[in-house]
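# Examining the three-dimensional arrangement
The lines below spell out each chain.
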Amino acid sequence: MSKPKIATDWLAACAGCHMSLLDMDERLLQVLSLAELTSCPITDLKHPPHEGVEVGVLTGAVNSTTNIAVARMMRKRCKILVALGDCAVFGGIVNMRNYFDMQEALRCAYVETPSTVDGFVPASEELGRPVRARGVDQVVKVDVCLPGCPPSADAIFHVLSELAQGRIPVVAGETLKYD
Ligand code: SF4
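This report concerns the structure included in the present document. Predicted model only: the values in this text are computed from it and were never measured.

It is worth spelling out the overall build of the protein chain at this point. When its secondary structure is counted, the protein chain shows six helices and seven strands. Its helices and strands in sequence order give the protein chain the pattern β-α-α-β-β-β-α-β-α-α-β-β-α, from N to C terminus. By the compact-globule yardstick of 16 Å for 179 residues, the protein chain fits well, its C-alpha radius of gyration being 17 Å. Dimensions of the protein chain, computed from the C-alpha atoms along their principal axes, are close to 55 × 35 × 30 Å. Across the 179 residues that make up the protein chain, the buried fraction comes to 44%. Long-range contacts, defined as pairs at least 24 residues apart, comprise 80% of the intrachain contacts of the protein chain with a sequence gap of at least 6. About 10000 Å² of surface is accessible on the protein chain, with carbon and sulfur atoms providing 58% of the total. Across the protein chain, 17 positive and 21 negative side-chain charges occur, with their mean positions spaced 8 Å apart.

Moving on: the environment of Val57. In this fold, Val57 is placed in strand E3 (residues 53–59). C-alpha of Val57 to C-alpha of Leu160: the two residues are 103 residues apart in sequence and 9.4 Å apart in space. Once residues lying within four places of it in the same chain are set aside, the contact partners of Val57 are Ile6, Ala7, Thr8, Asp9, Met74, Val82, Leu84 and Leu160.

This model, assessed by the stated rule, comprises zero aromatic pairs. Its guanidinium or amino end placed over the ring of Phe157, Arg27 lies 5.2 Å from that ring's centre, counting from NZ or CZ.

Our next topic: the pattern of salt bridges. The final tally for this structure, using the stated rule, is six salt bridges. Across the salt bridge formed by Arg27 and Asp154, the nearest N and O atoms sit 2.8 Å from each other. Here Arg27, found in helix H2 (residues 27–34), pairs with Asp154, found in helix H6 (residues 153–164); they are 127 residues apart in sequence, far enough to count as distant. Of the residues examined, Arg27 reaches a relative accessible area of 21% and is grouped as partly exposed. Counted as one network, the salt bridges with shared partners bring together Arg75, Lys141 and Asp143.

With that settled, consider the sheet that holds strand E5 (residues 78–84). Spatially, E2-E1-E3-E5-E7 is the arrangement adopted by the five strands of the open sheet, whose pairing is parallel. In this open sheet, the two strands that pair with only one neighbour each are strand E2 (36–39) and strand E7 (144–146). For this sheet, the mean angle separating the axes of adjacent strands, direction not counted, is 25°. Judged from the three bridges that link them, E5 and E7 form a sheet pairing that is parallel. From the neighbouring strand, Leu84 faces E7, where its bridge partner is Leu146. Taken strand by strand, helix H3 (residues 65–77) contacts strand E1 (5–10), E3 and E5, and its axis lies near 135° from that of E5.

All right, on to the pairing of E5 then. By the criterion of burial, E5 is predominantly enclosed, with five of the seven residues buried. For E3 and E5, the ladder comprises six bridges, and the chain directions are parallel. Residue Val53 lies in a different strand from E5, and its bridge partner there is Cys78.

Bringing the nonpolar core into the picture now. Counting residues in hydrophobic clusters, the biggest one holds 20 residues, and the most contacted among them are Ile6, Met24, Val57, Val82, Leu84, Ile156 and Leu160. If you list the elements that add at least two residues to this core, you get helix H1 (16–22), E3, E5, E7 and H6. A per-element tally of this core places H6 first, with eight residues. Setting aside its immediate chain neighbours within four residues, Ile156 contacts Cys17, Ser20, Leu21, Met24, Leu84, Leu146 and Pro151. By size, the runner-up hydrophobic cluster in this structure holds 18 residues, among which are Ala7, Leu11, Ala71 and Val89.

Criteria and cut-off values
Residues numbered from 1 in each chain as written. Predicted model: local features only at pLDDT ≥ 70, side-chain atom pairs only at ≥ 80, totals over all residues. Heavy atoms only, no water. Helix = DSSP H or I, 4+ residues; strand = E, 2+ residues; numbered from the N terminus. Rg over C-alpha atoms; globule rule 2.2 N^0.38 Å. Buried < 20%, exposed > 50% of the residue type's maximum accessible area, 1.4 Å probe, protein only. Contact = heavy atoms within 4.5 Å. Areas by Shrake-Rupley, 256 points an atom, 1.4 Å probe, with all protein chains shown as cover. Lys, Arg positive; Asp, Glu negative; His and termini not counted. Charge placed at Lys NZ, Arg CZ, Asp CG, Glu CD. Phe/Tyr/Trp six-rings, centres within 6.5 Å; stacked < 30°, edge-to-face > 60°. Lys NZ or Arg CZ within 6 Å of the ring centre and 35° of its normal. Salt bridge = Lys/Arg side-chain N within 4 Å of Asp/Glu carboxyl O. Pairing = 2+ DSSP bridges. Axes fitted to C-alpha atoms, helices over the stretch in contact; angles between N-to-C directions. Core = buried A, V, L, I, M, F, W, Y, C linked by side-chain atoms within 4.5 Å.

Here is the structure:
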């Protein structure tokens, strides 16, 4: 029997959640003995394959029209969708952007930071347009939430190995981490 497939992708995120995933260290091999990792931000294939995967994992908040498209693509191509990390679960730190005018926030980020010289607000089709920041479940249906900023490698290992074996994970309270 072929192994279940897992794909991960990121939206508006720092790399912390994916770094925590890598922090599983040698347990990554255990997960890979149970499941095939088809795509993630650090593999050549960046998005889930057309034929679909059993488990899709999204990190980061929805913060742009591109994020919405990526979240919808993952939802369409996976059977079980995991929101991994505070940003994906409820918007996390990215939500702070909602308290400011969009143009003001963009200027602050790209033009007015003390280390920026000749800054400009980038615009491209790939980046999309900014939208109100929010968690993934505000855009597509989410099946499993794993909060934490980032979630611990222990918690991620538990969730992925349970899902790879066809079980919906139950995360014990002491495994959750919010620092
Ligand atoms: S939850 Fe924390 S670690 Fe994960 S993407 Fe958001 S800010 Fe980064």
